[in-house]
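If you want the building blocks of each chain, they are given just below.
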Amino acid sequence: MNLLSTLVDKGLRRELPTREEALAVLATSDDDLLDVVAAAGKVRRHWFGRRVKLNYLVNLKSGLCPEDCSYCSQRLGSKADILKYTWLKPDEASEAAAAGLAGGAKRVCLVASGRGPTDRDVDRVSETVKAIKEQNEGVEVCACLGLLSDGQAERLREAGADAYNHNLNTSESTYAGITTTHTYADRVDTVQKAHAAGLSACSGLIAGMGESDEDLVDVVYSLRELDPDSVPVNFLIPFEGTPLAKEWHLTPQRCLRILAMVRFVCPDVEVRIAGGREVHLRSMQPLALNLANSIFLGDYLTSEGQAGKADLEMIADAGFEVEGTGQVTLPEHRATVGGGCGSHESGDCGSHKSAGCGSQAGGGVCGTAATAAPAAEPRTDLVAVRRRGAGTDHAPNA
C-alpha cells in the first residue's frame, strides 16, 4: 500500500501525516491489518527498538469523586461495585509501589480520584514521592491527581516527581457529552502547567466511547500539538453502574488500527497500551507490542489486569525485552532537547487549518464512504473489579 510506505517514511522523519492519511489508517480493512501493523512496527522499532517499558499503577484514593466523567467507575453517582477508600499513607503507597518495581516496572504512577488536589494533598503526595524515591534507586514517579492549580506542578517537581499525567480523553468537539463538571480547556491547561514546571507531560485518550474516526484523529492531533512525552491509549472498560456500561464498540482489529494511527502521528513518543487491553485486545495483545513501547504491569485503578507474570511472558514470547532502569526511554533528541513529536517548530502541527478531505466538515476518508465498525459482542466476563493490592489486605498483582 502506497499509504503505508508514505507513513513509514514520514514516521522515520518525524513528519506529521495529513489528517486524510490518519483517517485512512482507521479505515483499512482486516485483510490489510497485518500490513498496517508491520508498517507502524518499523516506526516503533526505529525509535524504540524492541524495548517495552513497564509502568505500575498505585491508586492512592479510590472512588467518591465529585466529577461526572461518564467513562469512570469512580465518578459521581457511579453504581459500580469498586473499592472505595481515602488516602493511602506514604508508607502504604511506597509498599504498594515496591511490588510493581519488584515485578520489573520502571515507572510508578500515583493516581488519586477527585477534581484536583488541595495544597494539603500535594504535600501528602510529595511525601509519598520522596518515600518511593528514597527506597528505589532509578525509579520514575508520575503523579495523576486531576486538575492542577498554579504552583502545584512546581511543588511536585521539587518533591522529585518526574512526570504528570492528565489525559485529554476525547476530541474537544465531543468532550461536553462525556463530562460536564469541567471542560476540555481545563484539561489542556493542566497538561501545559505540568510541561511548564519541567515535568514530563503524559497525556492520552480513551477509545470506545462511541466516538467517530474523526474524533480519534482530532484528539491525537491535539495531543501531538501539546507535545507530551508519553501517550497512554486506553480502551473503554464498560463498567456496570456507569453511563457507558453498554458501549461495546471495539474489536481487537479496531484497537490495533487505533494504536497504529497514534504511532504514525506521534512516532517518537512513548505510546502506552493502558486500561482495557485485556478486555478488548484479548489474544491479540502480543501483536500490539509492535505498535506500543509501553504497558501497565498487572492491575489498573479499579479493575484487574492479567497476571503480572503473564505480562512478562507475553513480552518475552513476542520477542521483546523489558526496558531496564538504566535505559533511557525516549530517543536522544526528545530526552535532551524536548523536541520531536509535537515540536512547535514544525508549523501547523496538530492544527485543523489544513484539515482538507477527511476533516469533520468533509467527513470520512477522501473518496470513501465512512462505514461504522461492527458491534463487538460484550465480554462482560473480562471486566473484573480489583479486589487486591492498594486499599486491601491482599497481595497485589505484579
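Residues numbered from 1 in each chain as written. Predicted model: local features only at pLDDT ≥ 70, side-chain atom pairs only at ≥ 80, totals over all residues. Heavy atoms only, no water.

Caption draft 1: Spatial organisation of the overall build of the chain. The number of helices and strands found in the chain is 13 helices and 10 strands. Relative to its full complement of 398 residues, the chain shows a buried share of 59%. Within the chain, contacts between residues separated by at least 24 positions form 78% of all contacts whose residues are at least 6 apart in sequence. (Helix = DSSP H or I, 4+ residues; strand = E, 2+ residues; numbered from the N terminus. Buried < 20%, exposed > 50% of the residue type's maximum accessible area, 1.4 Å probe, protein only. Contact = heavy atoms within 4.5 Å.)

Caption draft 2: Just the confidence of the model for the chain, in detail. On average, residues of the chain score 88 in pLDDT, and 89% of them reach the 70 mark or higher. Counting interchain partners and residues more than four positions distant, the pLDDT-below-50 stretch residues 337-373 has 68 contacts. (pLDDT = per-residue confidence, 0-100.)

Caption draft 3: The packing of helix α4 (residues 90-102) against helix α5 (residues 119-135), seen in detail. Between α4 and α5, whose axes approach to 9 Å, the crossing angle comes to 45°. By the angle between their axes, α4 is oblique relative to α5. Taken as a pair, α4 and α5 cross one another with a handedness that is right-handed. Facing Pro 90, Ala 93, Ser 94 and Ala 97 of α4, the residues of α5 in contact are Arg 124, Glu 127, Thr 128, Ala 131, Ile 132 and Gln 135. Tallied by class, the residues present in the contact of α4 with α5 amount to five nonpolar, three polar and two charged. (Axes fitted to C-alpha atoms, helices over the stretch in contact; angles between N-to-C directions. Parallel < 35°, antiparallel > 145°, perpendicular 65-115°, else oblique. Left-handed = near helix turned anticlockwise from the far one by under 90°. Nonpolar A, V, L, I, M, F, W, Y, C, P; charged D, E, K, R; others polar.)

Caption draft 4: Examining the pattern of salt bridges more closely. All told, the structure shown has 26 salt bridges when counted by the stated rule. A salt bridge links Asp 299 to Arg 388; its shortest N-O distance comes to 2.7 Å. In this pair, Asp 299 sits in the loop between β9 (294-296) and α12 (308-317) while Arg 388 sits in the segment after α13 (332-336), placing the two residues 89 residues apart along the sequence. A residue is classified by how much of its surface remains accessible, and Asp 299, at 5% relative accessible area, is buried. According to the relative accessible area criterion, Arg 388 is partly exposed, its value standing at 23%. By sharing partners, the salt bridges in this structure join Lys 53, Arg 107, Glu 140, Glu 270 and Arg 272 into a single network. (Salt bridge = Lys/Arg side-chain N within 4 Å of Asp/Glu carboxyl O.)

Caption draft 5: Summary view of the UniProt feature "binding site: [2Fe-2S] cluster" (unreviewed entry) in the chain. The positions UniProt marks with the feature "binding site: [2Fe-2S] cluster" (unreviewed entry) are Cys 109, Cys 142, Cys 202 and Arg 272. The greatest C-alpha distance among the annotated residues, which extend across 164 residues, is 13.8 Å, indicating that they converge on a single site. Mapping Cys 202 onto the fold places it in strand β5 (residues 200-202). Assessed through its relative accessible area of 2%, Cys 202 is described here as buried. (UniProt positions renumbered as here; feature names shortened; annotations may be inferred.)

Caption draft 6: Region of interest: the pairing of strand β1 (residues 51-61). Buried residues dominate β1, accounting for 11 of its 11 residues. In terms of strand pairing, β1 meets strand β10 (residues 321-322) through two bridges, oriented parallel. Its bridge partner being in β10, Arg 51 is matched across the sheet by Glu 321. Pairing analysis gives three bridges linking β1 to β9, with the strands arranged parallel. The partner of Lys 53 across the bridge, within β9, is Ser 294. (Pairing = 2+ DSSP bridges.)

Caption draft 7: Representation of the side chain of Glu 270. Along the chain, Glu 270 turns up in strand β8 (residues 270-273). Of note is the side chain of Glu 270, whose polar atom sits 3.3 Å from the side chain of Lys 53. (Polar contact = N/O pair within 3.5 Å; in protein donor to acceptor, adjacent residues only side chain to side chain.)

Caption draft 8: The arrangement of the state of the cysteines in detail. Counted according to the given criterion, the structure contains zero disulfides. Looking at Cys 109, it has no disulfide partner, and the nearest cysteine sulfur is the one in Cys 142, 4.9 Å off. Residue classification places Cys 109 among the buried positions, given a relative accessible area of 6%. (Disulfide = S-S within 2.5 Å.)

Caption draft 9: Structural detail: the pairing of strand β2 (residues 107-112). Within β2, six of the six residues are buried, leaving the element largely enclosed by the surrounding structure. Covered by surrounding structure in β2 are Arg 107, Cys 109 and Val 111 together with Val 108, Leu 110 and Ala 112, the residues of both alternating faces. This β-α-β element, β1 to α4 to β2, shows right-handed connectivity. By the bridge criterion, five bridges tie β2 to strand β3 (residues 140-144) in an arrangement that is parallel. Within β3, the residue paired with Arg 107 across the bridge is Glu 140. Taken together, β2, α5 and β3 constitute a β-α-β crossover, and its handedness is right-handed. (Right-handed = clockwise from strand over helix to strand, strands pointing away.)

Caption draft 10: Layout of the packing of aromatic side chains. Counting across every chain of the model gives two aromatic pairs. With a centroid separation of 6.0 Å and an interplanar angle of 65°, the aromatic rings of Tyr 175 and Tyr 184 are classed as edge-to-face. Considering the side-chain rings of Phe 296 and Tyr 300, the 6.3 Å spacing of their centres and the 80° angle between planes classify their relative orientation as edge-to-face. With relative accessibility at 7%, the residue Phe 296 sits in the buried group. The residue whose ring lies beneath Arg 19 is Tyr 221, and the NZ or CZ to ring-centre distance is 6.0 Å. In this structure, Arg 50 is placed above the aromatic ring of Phe 320, and the distance from its NZ or CZ to the ring centre is 4.2 Å. (Phe/Tyr/Trp six-rings, centres within 6.5 Å; stacked < 30°, edge-to-face > 60°. Lys NZ or Arg CZ within 6 Å of the ring centre and 35° of its normal.)

Caption draft 11: Structural context of the packing of helix α1 (residues 2-13) against helix α3 (residues 33-48). Packing of α1 against α3 brings their axes to within 9 Å, and their N-to-C directions diverge by 10°. One element, α1, and the other, α3, form an angle in the roughly parallel class. Contacts between α1 and α3 pair Leu 4, Leu 7, Val 8, Gly 11 and Leu 12 from the former with Asp 35, Val 36, Ala 39, Lys 42, Val 43, His 46 and Trp 47 from the latter. Of the residues assigned to the contact of α1 with α3, the class counts are eight nonpolar, two polar and two charged.

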